Amino acid sequence: MLAVRNVYLDHAATTPAHPKVVEAMLPYFTDKFGNPSNLHDRGREAKNAIEEARAKTAALIGARPEEIFFTSSGAESNNFALKGLAQANSQKGRNIIVSQIEHFSVLHAAKTLEKSGFTVTYLPVDKQGLVDPADAARAINKDTVLVSIMHANNEIGTIEPIKEISAITREKGVLFHTDAVGVLFHTDAVATTGWIPVDVKALGVDALSLSGHQFYGPKGAAALYVRKNVRIKPQIEGGIQEDGRRAGTENVPALVGLGKASEIAAAEIPRRMSHIAALRDRLQKGLVERIDHLVINGHPSSRLPNHLNVSLWYVEGESMLLFLNMEGISVSSGSACTSRSLKASHVLTCIGTDAAVANGTLLMTLGMGNTAEDIDYVIEKLPPIVQRLREMSPLYEDMIKKEKAG
Amino acid sequence: MEQYSSKVMEHFAHPHNVGEIPDADGVGTVGNPVCGDVMRLYIKVDKDVITDAKFKTFGCGAAIATSSMVTDLVKGKTVGEALKISNAAVAEALGGLPKVKMHCSVLAEEALRSALDDYYKKKGVPSPVKIPASSGHEHEME
């Protein structure tokens, strides 16, 4: 790659591990290689390390250490939450409620539950991607055991009204169930943890998914918070690890890394939010000023500080992505052509984005490594790419001809 | 997804024959913006020989590269020879396409056939071109 500059704007896909995270992890590959299940010193050393990581991860989200169950990924945490909570509480009822714009690890887990006799209610979202808490209130019935609504959407960055919805699940839980647990509420906080304040008590949730590599931790380390006294059925059986909830020898170095990333995030979140939101706003302003026929997707204020999702008429996302890549700029595209299914993003479809323009979508997610110069570079490089592709586009040609014809 | 071949990237980054032919003898437009690609192909024919071909495409890297390649392939060919150009030939000329992008080569073949069909119709002779009932392409589902 001979580009002048390298600008990584795909932090929603993954972030680099923070140097301090890597430093913390390294001894656990070699010197401190023990298995935490062993009683000898090597084992205890590893056990202490993961318990320290658990405490740090818990502290980031206002939980108790014993409420944190480590997993390998956000997708695993979501699967664990949906299947584990639904199955452990199926004697109470067999309905679960999710939004239509959940991550596929929630939607596909819900589909699997449907095949095993659960019913699933899918809540719609408005044009800005918000779930209406009143819809949740109407959907909950005496058969409902679990509601799962994401904290923020990973594609359009819209932050959902979790507190309002959790208040409803609590109220309805008392109404419909006699036990203390009521209707459980899970939130997928993979997109928010480490970027904005996430506090399980303030949010009022019973379960929450988070993933380390989304906020400068390593890949392969994630967690599911499950509130004390809430029952969950293990999905991986055969061992005593994670208090019997998830078998398998712990990925000690990665979990140490997750703990370190949590510790850094807890101290840095206010700075992250202000630094990145300012750059994102600069990027948005610059692109809106220079490119016409552009649509900003998501909510104007209830949004993640690091997200910008734009759809551009008459151009296709992957071709923009490839040209940007030639300029050293890494972004993501919500276009059908970059997904294996060749269908436009389900999130954009749900918020009512015209399917034709949905294929011209770019998702740009910023991080702490980005500078104002990086943003100005993108603002300089993207408009001519769009113009070049539009001049090549029969849809643009038709639009221009139509405009001329009046 | 598999990566694109260097030939695909070359044709994508520097596509040949981009543009319109205002007095084209045949024009074909296929595809659908909802599916993510639309190709429009123009041909100029002189004494049964395709003397010029141009295209405009809305689509991914493979869609642009196959458009570029198919216009290269038809130039200098007779109309009869052009009718025999298959999607496989377009893909092969590009050094292959990722499996999920093979539909782009199908679209390029269809765009060519549609332009040839238009050519016959403009000429007022019966068209030997078979156009599928639904132009465009079927997507493999998840």
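On a predicted model such as this, the values are computed, not experimentally measured, just so you know.

**Focus: the nonpolar core**
Ranked by internal contacts, the top residues of the largest apolar core, which has 157 residues, are Tyr225 of chain A together with Ile43 and Leu112 of chain B. Broken down by element, the residue count for this core peaks at 12 residues, all from helix α8 (residues 252–290) of chain A. Taken domain by domain, this core gets at least three of its residues from each of domain 1 (7–15 + 269–405) and domain 2 (19–265) of chain A. Apart from the residues within four sequence positions on either side, Ile43 of chain B is in contact with Ala24, Asp25, Gly26, Ile50, Ala53, Val74, Ala115 and Tyr119 of chain B.

**Some details on unusual backbone geometry**
Residues apart from glycine generally show negative phi values, whereas peptide bonds are mostly found in trans. All names here are of chain A. Unlike most non-glycine residues, Glu242 shows phi in positive territory, near 50°. You can see Glu242 is positioned in the loop between β8 (222–226) and α8. A tally of 20 C-beta atoms within 10 Å means that Glu242 is categorised as buried.

**Notes on the sheet that holds strand β3 (residues 95–99) of chain A**
Residues and elements named next belong to chain A. The strand order β2-β8-β7-β6-β5-β3-β4 describes an open sheet built from 7 strands, whose pairing is mixed. The two strands at the open ends of the sheet, each matched to only one other strand, are β2 (68–71) and β4 (119–123). Put simply, the sheet's adjacent strands are angled 20° from each other on average, direction ignored. Of the strand pairs in this sheet, strand β5 (residues 144–148) and strand β6 (residues 184–188) are connected by 3 bridges, and their pairing is parallel. Within β6, the position partnered with Val147 by the bridge is Phe185.

**As for the domain arrangement of chain A**
Residues and elements named next belong to chain A. Along its sequence, chain A is organised into domain 1 (7–15 + 269–405) and domain 2 (19–265). Computed from C-alpha atoms alone, the centre-to-centre distance between domain 1 and domain 2 is 30 Å. Listed per partner, the contact involves 23 residues of domain 1 and 27 residues of domain 2. Elements supplying a minimum of two residues to the side of domain 1 that touches domain 2: α8, β10 (307–312) and α10 (346–350). Among the elements that make up the side of domain 1 that touches domain 2, the one with the highest residue count is α8 (3 residues). Class assignment for the residues of the side of domain 1 that touches domain 2 results in 9 nonpolar, 12 polar and 2 charged.

**What about the sheet that holds strand β1 (residues 26–32) of chain B?**
Read from one edge of the open sheet, 3 strands run β1-β2-β3 (chain B), paired in antiparallel fashion. Two strands in the sheet have a free side with no partner beyond their single neighbour: β1 and β3 (49–58) of chain B. If you compare each strand with its neighbour and ignore which way they point, the axes differ by 15° on average. Pairing analysis gives 9 bridges linking strand β2 (residues 37–46) of chain B to β3 of chain B, with the strands arranged antiparallel. Across the sheet, residue Lys44 of chain B finds its bridge partner in β3 of chain B, namely Asp52 of chain B. Relative to β3 of chain B, helix α13 (residues 394–405) of chain A is tilted by about 85°, and along the sheet it contacts β1, β2 and β3 of chain B. Sitting on the sheet, helix α2 (residues 61–74) of chain B is in contact with β2 and β3 of chain B, with an inclination near 175° to β3 of chain B.

**Structural notes on the packing of α8 of chain A against helix α12 (residues 372–391) of chain A**
Residue and element names in this part refer to chain A. Across the interface, α8 lies against α12 with an axial gap of 9 Å and an inter-helix angle of 20°. By the criterion of interaxial angle, the relationship of α8 to α12 is roughly parallel. Between α8 and α12 lies a crossing whose hand is right-handed. Contacts between α8 and α12 involve Leu279, Arg282, Leu283, Gly286, Leu287 and Arg290 on the former and, on the latter, Ala372, Ile375, Val378, Ile379, Leu382 and Pro383.

Rules behind the numbers
Residues numbered from 1 in each chain as written. Chains lettered and ligands numbered in written order. Predicted model: local features only at pLDDT ≥ 70, side-chain atom pairs only at ≥ 80, totals over all residues. Core = buried A, V, L, I, M, F, W, Y, C linked by C-beta atoms within 7 Å. Buried ≥ 20, exposed ≤ 12 C-beta atoms within 10 Å, placed from the backbone. Helix = DSSP H or I, 4+ residues; strand = E, 2+ residues; numbered from the N terminus. Domains from an automatic or database assignment. Contact = placed C-beta atoms within 7 Å. Pairing = 2+ DSSP bridges. Axes fitted to C-alpha atoms, helices over the stretch in contact; angles between N-to-C directions. Nonpolar A, V, L, I, M, F, W, Y, C, P; charged D, E, K, R; others polar. Parallel < 35°, antiparallel > 145°, perpendicular 65-115°, else oblique. Left-handed = near helix turned anticlockwise from the far one by under 90°.

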